[in-house]
Amino acid sequence: MLWRSSVRINALINTGRGGAPAASALRRTKRAATAQASSSIVTAQCAPRMSTTSTSHDTASRSNAIAFIGLGAMGREMASNLFTKSLNAQGAEPSPTFIVCDAVPEAAASFARNFQQLHPGVHIKLVNTPAEAAELASVIITMLPSSPQVNQVYLSSESGILPGVLKALSSTAAHRTPEDLKTLAIDSTTLDVSTAKEVAQRVAKEAQISMVDAPVSGGEMGKTIVHCGDSGTGLAVKICNNLILGINQVAVAEAMLLGTSLGLSPSLLASVINNSTGRCWPSAVNNPVPGALPGQSPPCERDFKGGFAAKLMLKDMNLALNAADSVGVPLPLGNSSVKLYEDVTKDQDLAGRDFSVVFRHLQKLQEGPQ
């Protein structure tokens, strides 16, 4: 991927046709699928422009438009950085048009307003459905909650990306070259592998859409890009990574609770762990005990607000269990950790907090019934 998100995320890339890593895939798209985009993205110099559209009148400029669908906590940061990097890229006119769409219309409207305030003169359009976004843009990025939403956004017979691309192909075929009509869809959703494969195969077959599943795995986005293989393999890597992450966070919570209960200071215990074999991301970056990481600000220092929600970790852990069942792999630690996250998320106050809040849940178990 060519953009860097403030939530610090890495791309795990795979394509259904043995394609290149995301950086070269997006560059290739901006040369082929979008004709000029890589060399023509500059800040617009015209008067401020933001519009809402549900028509296909702008399909002639489809090759110079980028759509982002799904403007939640991660999606809006990704879209902002992608659009900003695109505007800052050096090249010739024309400047790009950005298309935004979300299931919550106000989320898209708010994003557009804020982005336009930061970049006066930008061309940004609000649309009501993924179909409208796909009709207007040949590069489409999606960041959605999970498998059901991916199915709906891509395949819905009336409002999905697939019918939108088919409409664009039929309405522009008379005056556009084959290169102009190519479409690249990049999905950064974490979903089950089978759904990813099925969606990629269908959109490729029915509308010649080149689809890349590019889940994100932590770290500085764009710094490390890994081509994992055929469609679905990037998701397999992401699921395995988050299986480790979820288990490790539980282990760190248990160890920190044990150590502090035995009289150790959080900072001393964390310092020894992080200079020893127990070091891991949950101990060194996402430590769940306030004061354990002097000079740092993990979510526990903000009452576990922000970060990666416990309910989302539970979703990813369940994806790992489902994948393991499909190939007969036992996951004893994975199963026990899922049970713990299920207990955590039964408390609605904890479900939306960072998954390191599992430490607070263990504290409550230690205290016993109140």
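Residues numbered from 1 in each chain as written. Predicted model: local features only at pLDDT ≥ 70, side-chain atom pairs only at ≥ 80, totals over all residues. Heavy atoms only, no water.

Details of the overall build of the protein chain
Scanning the protein chain from N- to C-terminus turns up 15 helices and 9 strands. Expressed as a percentage of its 370 residues, the buried residues of the protein chain come to 51%. Relative to all contacts within the protein chain whose residues are 6 or more apart in sequence, the contacts with residues 24 or more apart total 77%. Accessible area of the protein chain: about 16300 Å², with a carbon and sulfur share of 55%. (Helix = DSSP H or I, 4+ residues; strand = E, 2+ residues; numbered from the N terminus. Buried < 20%, exposed > 50% of the residue type's maximum accessible area, 1.4 Å probe, protein only. Contact = heavy atoms within 4.5 Å. Areas by Shrake-Rupley, 256 points an atom, 1.4 Å probe, with all protein chains shown as cover.)

Observations regarding the pattern of salt bridges
Under the defined criterion, the tally for this structure stands at 9 salt bridges. With its nearest N and O atoms 3.0 Å apart, the salt bridge here joins E206 to R202. With E206 and R202 both in helix α8 (residues 193-207), this residue pair falls 4 residues apart, about one helical turn. The class for E206 is partly exposed, based on a relative accessible area of 39%. For R202, a relative accessible area of 37% translates into the label partly exposed. With a closest N to O distance of 3.3 Å, D347 and K364 form a salt bridge. Residue D347 is found in the loop between α13 (332-345) and α14 (348-351), and its partner K364 is found in helix α15 (residues 358-367); the two are separated by 17 residues along the sequence. On the accessibility criterion, D347 (27% relative accessible area) is partly exposed. Residue class for K364 comes out partly exposed when judged on its relative accessible area of 40%. (Salt bridge = Lys/Arg side-chain N within 4 Å of Asp/Glu carboxyl O.)

Let's talk about the packing of aromatic side chains
If you walk through the whole model with that rule in mind, you get 6 aromatic pairs. Relative to F115, the ring of F83 has its centre 5.7 Å away and its plane inclined at 75°; by these criteria the two rings are edge-to-face. Taken as a pair, F83 in helix α3 (residues 73-88) and F115 in helix α4 (residues 105-118) lie far apart in primary sequence, 32 residues in all. The two residues F83 and F115 agree in class, both being buried. Ring centres of F308 and F355 lie 6.0 Å apart, and the angle between their planes is 85°; on these two criteria the pair is classed as edge-to-face. (Phe/Tyr/Trp six-rings, centres within 6.5 Å; stacked < 30°, edge-to-face > 60°.)

A word on the nonpolar core
Judged by nonpolar contacts, the single largest core of 38 residues is most densely connected at M256, M313, M317, Y341, F355 and V358. For this core, the elements supplying multiple residues, two or more each, are α9 (233-261), α10 (266-274), α12 (310-327), α13 and α15. Ranked by residue count, the leading element in this core is α9, at 9 residues. By size, the runner-up hydrophobic cluster in this structure holds 31 residues, among which are A133, A185, V199 and I209. (Core = buried A, V, L, I, M, F, W, Y, C linked by side-chain atoms within 4.5 Å.)

Looking at the pairing of strand β6 (residues 139-142)
Side chains V139 and I141 of β6 all project onto a buried face; the interleaved residues I140 and T142 project onto the opposite face, where all are buried too. Note: strand β3 (residues 65-69) against β6, 4 bridges, orientation parallel. Among the inter-strand pairings, I69 is bridged to a residue of β6, identified as T142. (Pairing = 2+ DSSP bridges.)

Examining unusual backbone geometry
The phi angle at D303 is positive, at roughly 60°, despite the residue not being glycine. Here the phi dihedral of F304 falls at roughly 65°; this positive angle occurs in a residue that is not glycine. Along the polypeptide, F304 turns up in the loop between α11 (281-284) and α12. Under the relative-accessibility criterion, F304 is labelled buried at 4%.

Focus: the packing of α9 against α10
For the pair α9 and α10, interaxial distance at closest approach is 9 Å and the crossing angle is 130°. Relative to α10, the element α9 lies oblique. Crossing angle aside, the handedness with which α9 passes α10 is right-handed. Counting all contacts with α9, which are made through A255, M256, G259 and T260, the residues of α10 involved are P266, L269, A270 and I273. Grouping the constituent residues of the contact of α9 with α10 by class yields 6 nonpolar, 2 polar and no charged. (Axes fitted to C-alpha atoms, helices over the stretch in contact; angles between N-to-C directions. Parallel < 35°, antiparallel > 145°, perpendicular 65-115°, else oblique. Left-handed = near helix turned anticlockwise from the far one by under 90°. Nonpolar A, V, L, I, M, F, W, Y, C, P; charged D, E, K, R; others polar.)

Quick look at a nonpolar patch on the surface
Taken together, the side chains of L264, L268 and V272 make up a nonpolar region of the molecular surface, amounting to roughly 250 Å² of accessible area. Turning to its location among the elements, L264 is positioned in the loop between α9 and α10. Its relative accessible area of 39% is what places L264 among the partly exposed residues. (Patch = residues over 30% accessible without salt bridge, like charges linked within 9 Å, V, L, I, M, F, W, Y side chains within 5 Å.)

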